[in-house]
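Given next are the chains, with one letter for each unit.
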Amino acid sequence: MNKRFRIISSVVLIAVVLLAGIAVTRLVLQGPTVPKKNLSTSITPHMLYVQGAQIYDGSGHPLILRGAMIESSFAYIHLWQMGRDPLLFLNTPTFNAMAQQWYMNAVRINISQWVYNTNPSVYLTRLDTAIQEANAAGLYVILDFHDNPQSGALPPYNDGMLHKTSLAWWQTLAQHYLLNPMILFDLINEPQYTNWNVWLNGNGGDVVGMKAVIAAIRSTGARQLIVLEPGRAGGGKTSEEGGWANFDPRTINNPAIVYSKHAYDGVITGNPTIWDKQWGALLHTHPIYYGEWAVLPTSFTISQCKGLTSTNADVITLAFLNYLEQRNASWTAWDFRASNLIKDATSFTPTSFAVGASWVCGAPSASQAGMGKDVQDYLHTVFTSQVLHTH
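Residues numbered from 1 in each chain as written. Predicted model: local features only at pLDDT ≥ 70, side-chain atom pairs only at ≥ 80, totals over all residues. Heavy atoms only, no water.

(A) The sheet that holds strand S4 (residues 66-70), seen in detail. Around the barrel, eight strands lie side by side as S4-S5-S6-S7-S8-S9-S10-S11; this closed barrel has parallel pairing. The sheet shows a mean angle of 30 degrees between the axes of neighbouring strands, direction not considered. Bridge analysis of strand S10 (residues 288-293) against strand S11 (residues 330-333) gives two bridges, and the strand direction is parallel. Among the inter-strand pairings, Tyr289 is bridged to a residue of S11, identified as Ser330. (Pairing = 2+ DSSP bridges. Helix = DSSP H or I, 4+ residues; strand = E, 2+ residues; numbered from the N terminus. Axes fitted to C-alpha atoms, helices over the stretch in contact; angles between N-to-C directions.)

Structure below.
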């Protein structure tokens, strides 16, 4: 897909670069300028907002988030306790590579209340730095609460559901980032609520539902978009597979909501008809967002790559990217780390499904394969198309 755009006149491309430079990248990313200092308290009215199925930036331009997730010790308590600094990778070189080499405009960062609780001041200072540097590179940041044992959740909080203590935590974050227009709040990753009623309203005890968390965030005055995931309430064998097919959007009356789901093996086995059904009544009526997705040549969960081969991997990946484009879906691919989207954290060179030998799901020869090149080529296509459209 990248090749057909290389025939564009080099003169035009040079002119675009000279005239626009970094500003062109920012235009494509559709992100407002965020002061580098005092990010959490910067005064700006330019919040993202929603109309129908479309996200708009603070200047009124339609916005589709396209980027990647980056996992770090912000969400894994054993790494944090070992002294692993999340800023070793969540930093300006990485974010600039995402924006300038990969043409991304978003990064999803998983965080943990339980890691935060070990040292709130240090944790928040480092998170501020990561967000500041991501925003400065032109990236919107989706803060995603990974609430599970790996994140440090202990009984009774290790059930994959939000509890009353998390209301205060989300209020703290919402207040801290009150005026930052380049943040979204993803309330809980792959939640374990067993039905929609508990997902919405909690269990009448210590477990709280989405309505209470939304209300807690809004009580601070925060107007950032809030991301909701269905998890087990949406059916499927695991919380990862949950969808929105039987969800009633009328049960959430807050307009600044983005609806998310994850897709791994479903990318390989699915098709547009199946993917559409998973969105139910939300499709074409509310903003949709694949917070995690990947075409994985190998995985700890072998079902995530079942049926994938070196022969069909590119076709499957491009078909899903085409679907995302057709449905106006935002997305953050999993993930911008070595051996997944990139080969290394120095050059940020994309992985490829072509590794010099044929492979099948889970085979040793698949260990270095990845969808990075397909994703980067696609984003370059989008970037070039938008640059030409603006000239």
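Having seen the model, we can carry on.
(B) Looking closely at unusual backbone geometry. The omega angle of the peptide bond from Pro155 to Pro156 is 5 degrees, so this bond is cis rather than trans. At Tyr103, a position not held by glycine, the phi torsion is positive, near 60 degrees. Along the chain, the position of Tyr103 falls in the loop between helix H4 (92-101) and strand S5 (106-111). Assessed through its relative accessible area of 22%, Tyr103 is described here as partly exposed. Backbone geometry places His284, a non-glycine residue, at a positive phi of 70 degrees. (Buried < 20%, exposed > 50% of the residue type's maximum accessible area, 1.4 Å probe, protein only.)

(C) Quick look at the pairing of strand S9 (residues 257-263). S9 sits mainly inside the fold: seven of its seven residues count as buried. Residues Ile257, Tyr259, Lys261 and Ala263 of S9 are buried on one face, and the alternating residues Val258, Ser260 and His262, pointing to the opposite face, are buried as well. Note that strand S8 (residues 226-228) and S9 share three bridges and pair parallel. Its bridge partner lying in S9, Leu228 is registered against Tyr259. With five bridges connecting them, S9 and S10 associate as parallel partners.

(D) Region of interest: the packing of helix H7 (residues 164-176) against helix H9 (residues 210-218). Between H7 and H9, the least distance of the axes is 8 Å, while the angle of their chain directions is 35 degrees. Two packed elements cross with a definite hand, and for H7 against H9 that hand is right-handed. Counted together, Leu167, Trp170, Gln171 and Ala174 of H7 and Ala212, Val213, Ala216 and Ile217 of H9 form the full contact between these two elements. By residue class, the composition of the contact of H7 with H9 is seven nonpolar, one polar and no charged. (Left-handed = near helix turned anticlockwise from the far one by under 90°. Contact = heavy atoms within 4.5 Å. Nonpolar A, V, L, I, M, F, W, Y, C, P; charged D, E, K, R; others polar.)

(E) Highlighting the layout of surface pockets. Each pocket or cavity is described by its volume, and for the largest pocket that value is around 1,000 Å³. What lines the largest pocket is a set of 42 residues, and nearest its centre among them are Glu240, Ser299, Phe300, Gln304 and Trp334. (1 Å grid on protein atoms, 1.4 Å probe; cavity = no way out; pocket = protein on both sides within 12 Å on 5 of 7 lines; lining within 4 Å. Points joined across faces, edges and corners; volume = space filled by probe spheres on them.)

(F) Spotlight on the pattern of salt bridges. Taken as a whole and assessed by the stated rule, the structure comprises eight salt bridges. Across the salt bridge formed by Asp186 and Arg108, the nearest N and O atoms sit 3.2 Å from each other. Taken together, the residues Asp186 in strand S7 (residues 183-186) and Arg108 in strand S5 connect sequence positions 78 residues apart. With a closest N to O distance of 3.0 Å, Asp248 and Arg250 form a salt bridge. On the basis of relative accessible area, Arg250 is assigned to the exposed category, the value being 73%. Each of Arg108, Asp144, Asp186, Glu229 and Glu292 takes part in a single network of salt bridges with overlapping partners. (Salt bridge = Lys/Arg side-chain N within 4 Å of Asp/Glu carboxyl O.)

(G) Local environment of the nonpolar core. Formed by 102 residues in total, the largest nonpolar core has its most connected members in Leu187, Trp199, Leu228, Tyr290, Trp293 and Phe336. Judged by nonpolar contacts, the second largest core, of 15 residues, contains Leu65, Met182, Val227 and Ala256. (Core = buried A, V, L, I, M, F, W, Y, C linked by side-chain atoms within 4.5 Å.)

(H) View of helix H6 (residues 120-136). Its 17 residues place the ends of H6 24 Å apart at the C-alpha level, agreeing with the 24 Å of an ideal helix rising 1.5 Å per residue. For H6, the set of buried residues is Tyr123, Leu124, Leu127, Ala130, Ile131, Glu133, Ala134 and Asn135. The positive-phi residue at the C-terminal boundary of H6 is Gly138, with phi of around 100 degrees. (Expected span 1.5 Å × (residues − 1).)

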